[in-house]
Protein chains: 2
Amino acid sequence: MSVATVSRVINERGYVSEKTGLKVQEAINILHYTPNQAAQSLTTSSTKLIGLLVPDINNPVFLRTIEGINDYLKEKGYILMYAESGEDDEEMSNMVRRFLSNRVDGMILCSRDFTQFGDMDAIIEPALKNNVHVVLNGYVDSKFEIDRVGFDNVRGAYLATEHLLKMGHSSIALIAGTDSTISEERYRGYREAHIDNHVSLNPALVVKGDFRQHSGYEAMLKILQMNPRPTAVFAMNDVMAIGAMMALEDHKVSVPDEIAVAGFDDIIWCSLIRPRLTSVVQPKYEIGKKLAEFLLSRMNESYSGPGRHEIFGSRLAVRQSTVKSEQQ
Amino acid sequence: MSVATVSRVINERGYVSEKTGLKVQEAINILHYTPNQAAQSLTTSSTKLIGLLVPDINNPVFLRTIEGINDYLKEKGYILMYAESGEDDEEMSNMVRRFLSNRVDGMILCSRDFTQFGDMDAIIEPALKNNVHVVLNGYVDSKFEIDRVGFDNVRGAYLATEHLLKMGHSSIALIAGTDSTISEERYRGYREAHIDNHVSLNPALVVKGDFRQHSGYEAMLKILQMNPRPTAVFAMNDVMAIGAMMALEDHKVSVPDEIAVAGFDDIIWCSLIRPRLTSVVQPKYEIGKKLAEFLLSRMNESYSGPGRHEIFGSRLAVRQSTVKSEQQ
DNA sequence: TTGAAAGCGTTACCAG
DNA sequence: CTGGTAACGCTTTCAA
């Protein structure tokens, strides 16, 4: 019973007599033997580990995506190394290195927005140089050929804005996010909807937030002081929209009767708050699956062409926050 | 410039002349060299990897706990291998093996309730036999000396029930969870509060759910048909409580005026729904930290005594769902 | 201060 | 069908 034989039994590879196989199995059970992946990976150069970097698990946006990734990967025998990056350049870089050190077979990087990083390429480069594939969830300009999966932000924002316009609002405040491609694109949707519907755009109606709930609250306070007061608000993401709704609640402004509110992302919270929040639906789970799929196809070399860029389409989930009761 | 020298430079161990050190650094940069953790672990027998098994990331209860774990561990240079177990015996066992295979330095197992597993010991045993430490978040009877951190369920349920009783309710329906220690303990709290407050217990008021939102909804439907109808409901967790509130909303029963509702866990959703949900606060983040702390202390052998069992105390967050407006 | 070599647990290859 | 052995990339010990 040599090590070679044991290896054969475990990997079910090569010829092993039934008798020997049984004997080995027995020994394994008695000794609680578990193969050492580290040693395995030393010879096979595959760890079946995938690095996953997420800015913040507490943001429900990422949860479904993680699930999509996990479901796809688990089925194929991969396991996730999870790390939180906190949207910090340095931190991200460190984690990428850490992943490399652990010899992940590939990595998935999620970010609210990659463009805010001075030099995303510098972060990814070490991975690429080590022949570790990277896929991105987000928006980047990169000189490398990497796959990314994103979402049609322009269209999403367009749909939400158009919906508000169609509901009769002509003065729609916009709670924007931090300067980033996402914000730009969502702004463009907002803008184009106005143009297409022949409603003039008023820059004074744009209030800047930072994608976090509190900033939505603050922004709403400013909007409430506008004169004339807008009759609708579109927030660039749901948590800001929810912050805004809380401000409205605190000031006893009724939604949607006095002010209609729409958000973006369709996080689970939308259906919990009252009135339910109208929001742009991102197929988060599918995005996760696609990310995993892209990555695996790179890893097993079933694809090796130029960087792919899958953009998922949009849909608006219309709920109570934008539909007055008499219109229902 | 031998491998030995490079090793010294990287680990900042042993004597290396400044000149050589610089030369090595330079080469590292040029080559994008990253140490191979797998190989390192082969000689050091430490991977700095911690396995984390969670039933379901989508349940907000676990999120904060994961964060607590992550924060504590990251600081000490550990990284998480994350896996979802789905509360399934077989699945759990597999993941434990997978972790072992990856030679995690330790593992943290979370479960809504371990007692539902026929043989939790069988699941943990392989880890223990391989000298990999395990800590548990949950409730287990185990013949092994493992650390666990839990929560004072009896007290928590007691506080919630007592609060409802003090608010004048004498007929409090209970939406229970699946048969498990957690359910038992929360039931005990419910029961003891009744006894201490000299209110007789009515078994007919207990409706069984399964800890999931939908079951809370269904349970509430049954409660609404009771005659006389209870004036308050205590659900054994928040998602069931929220399901119950949705049923009440659908049937136009006002909360808390017609029926008061209290939950357990204090997930973030409690503050999002209206009326805000009164709930028993679990220090989820601290639980996570404690788990990590227990594990590390075992790993570095600063502790090696009998299994510790840390039970976190309870607090009730009283919100609108149990306090009538005139009482505020 | 540096290098050579053994050893960690596996797999792959070659001989028997 | 089975066993021996080189090789994987690293750390550690010992010698130079």
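Everything numeric here is computed off the predicted structure, so don't read it as measured data. Sequence order as written defines the numbering, with residues in each chain counted from 1. Numbering of ligands from 1 and lettering of chains from A proceed in the order in which they are written. Totals for whole chains, interfaces and linings use all residues, but because this is a predicted model, local features are given only for residues with pLDDT of at least 70 and pairs of side-chain atoms are given and counted only at 80 or more. Heavy atoms from the whole structure form the basis of all side-chain values; hydrogens and water molecules are not counted.

## Things to note about the protein's contact with DNA strand C
So the rule is basically this: When at least one non-hydrogen atom of a residue lies within 4 Å of a molecule or strand, that residue is treated as near it. Contacts described as polar in this section are N or O atom pairs within 3.5 Å, which, within protein, must combine one atom able to donate a hydrogen with one able to accept it, while residues neighboring in sequence count only if both atoms come from side chains. The secondary structure listing takes helices from DSSP runs of H or I that are at least 4 residues long and strands from runs of E that are at least 2 residues long, numbered from the N terminus. Any residue that is not Ala, Val, Leu, Ile, Met, Phe, Trp, Tyr, Cys, Pro, Asp, Glu, Lys or Arg is counted as polar, Gly included; the first ten are nonpolar and the last four charged.
Around DNA strand C lies a shell of 26 residues, among which A:Ser7, A:Tyr33, B:Arg8, B:Ser17 and B:Thr20 are the nearest. Of what DNA strand C places within 4 Å of the protein, 64% of the atoms are sugar or phosphate. One nitrogen or oxygen atom from the side chain of B:Arg8 is found 2.5 Å from a base oxygen belonging to DNA strand C. Among the elements of the structure, α1 (3–11) and α3 (37–44) of chain A together with α1 (3–11) and α3 (37–44) of chain B are those that each provide at least two residues to the surface near DNA strand C. Along the lines of polarity and charge, the residues of the surface near DNA strand C split into 11 nonpolar, 12 polar and 3 charged.

## Points about the UniProt feature "domain: HTH lacI-type" (unreviewed entry) in chain A
Here is the rule: UniProt positions are given in the numbering used here, feature names are shortened, and annotations may be inferred rather than shown by experiment.
Per the UniProt entry, the sites bearing "domain: HTH lacI-type" (unreviewed entry) are residues 1–44 of chain A in this numbering. Along residues 1–44 of chain A the backbone is 70% helical and 0% strand, and the end-to-end C-alpha distance reaches 22 Å.

## What to know about the protein's contact with DNA strand D
Around DNA strand D, the surrounding shell holds 26 residues, and the nearest of these are A:Arg8, A:Ser17, A:Thr20, B:Ser7 and B:Tyr33. Within 4 Å of the protein, atoms of DNA strand D come from sugar and phosphate in 63% of cases. Here a phosphate oxygen of DNA strand D and a side-chain polar atom of B:Ser7 are 2.6 Å apart. For DNA strand D, a phosphate oxygen lies 3.3 Å from a polar atom in the side chain of B:Gln40.

## Digging into the nonpolar core
Where a protein is soluble and globular, its nonpolar side chains tend to be buried together. Counted only if it meets this: By nonpolar core is meant a set of buried Ala, Val, Leu, Ile, Met, Phe, Trp, Tyr and Cys residues that side-chain atoms within 4.5 Å join together. Accessible area is worked out with a 1.4 Å probe on protein chains only. A residue is then buried under 20% of its type maximum, exposed over 50%, and partly exposed in between. Any two residues whose heavy atoms approach within 4.5 Å at even a single point are treated as in contact.
Of all hydrophobic cores here, the largest spans 160 residues; its most connected members are A:Leu73, A:Ile108, A:Phe234, B:Leu73, B:Ile108 and B:Phe234. The contacts of B:Phe234, once residues within four sequence positions are left out, are B:Ala157, B:Ala160, B:Thr161, B:Leu164, B:Ile172, B:Ala173, B:Leu174, B:Ile175, B:Tyr190, B:Ala262, B:Gly263 and B:Phe264. By size, the runner-up hydrophobic cluster in this structure holds 44 residues, among which are A:Val96, B:Leu53, B:Met120 and B:Val140.

## Topic: helix α11 (residues 284–299) of chain B
Residues and elements named next belong to chain B. Condition: Under the convention used throughout, the expected extent of a helix is 1.5 Å for every residue step, that is, one less than its residue count.
The terminal C-alpha atoms of α11 lie 23 Å apart, and with 16 residues this matches the ideal 22 Å at 1.5 Å per residue to within 8%. Most of α11 is tucked away: 13 of the 16 residues are buried. Positive phi shows up at Glu301, right after α11, with a value of about 60°.

## Topic: the packing of aromatic side chains
In plain terms, the rule: Aromatic rings from Phe, Tyr and Trp, with only the six-membered ring used for Trp, were paired whenever their centres fell within 6.5 Å, and each pair was classed as stacked if the ring planes differed by under 30 degrees, edge-to-face if by over 60, and tilted otherwise.
Per the stated rule, a full pass over the model turns up 6 aromatic pairs over all chains. Measuring from ring centre to ring centre gives 5.9 Å for A:Tyr187 and A:Tyr190, while their planes differ by 40°; the resulting arrangement is tilted. Of this pair, A:Tyr187 and A:Tyr190 both sit in helix α8 (residues 181–196), 3 residues apart, which is roughly one turn of that helix. Judged by its relative accessible area of 29%, A:Tyr187 is partly exposed. What makes A:Tyr190 buried here is its relative accessible area of 1%. Between B:Phe151 and B:Phe264, the aromatic rings sit 5.6 Å apart at their centres with planes inclined by 90°, giving edge-to-face as the arrangement. Here the residue B:Phe151 occupies a position in strand β5 (residues 147–151), and B:Phe264 occupies one in strand β9 (residues 260–265), the gap between them amounting to 113 residues. What makes B:Phe151 buried here is its relative accessible area of 2%. Each member of the aromatic cluster is reached from another via a ring pair, and the members are A:Phe151, A:Phe234 and A:Phe264.

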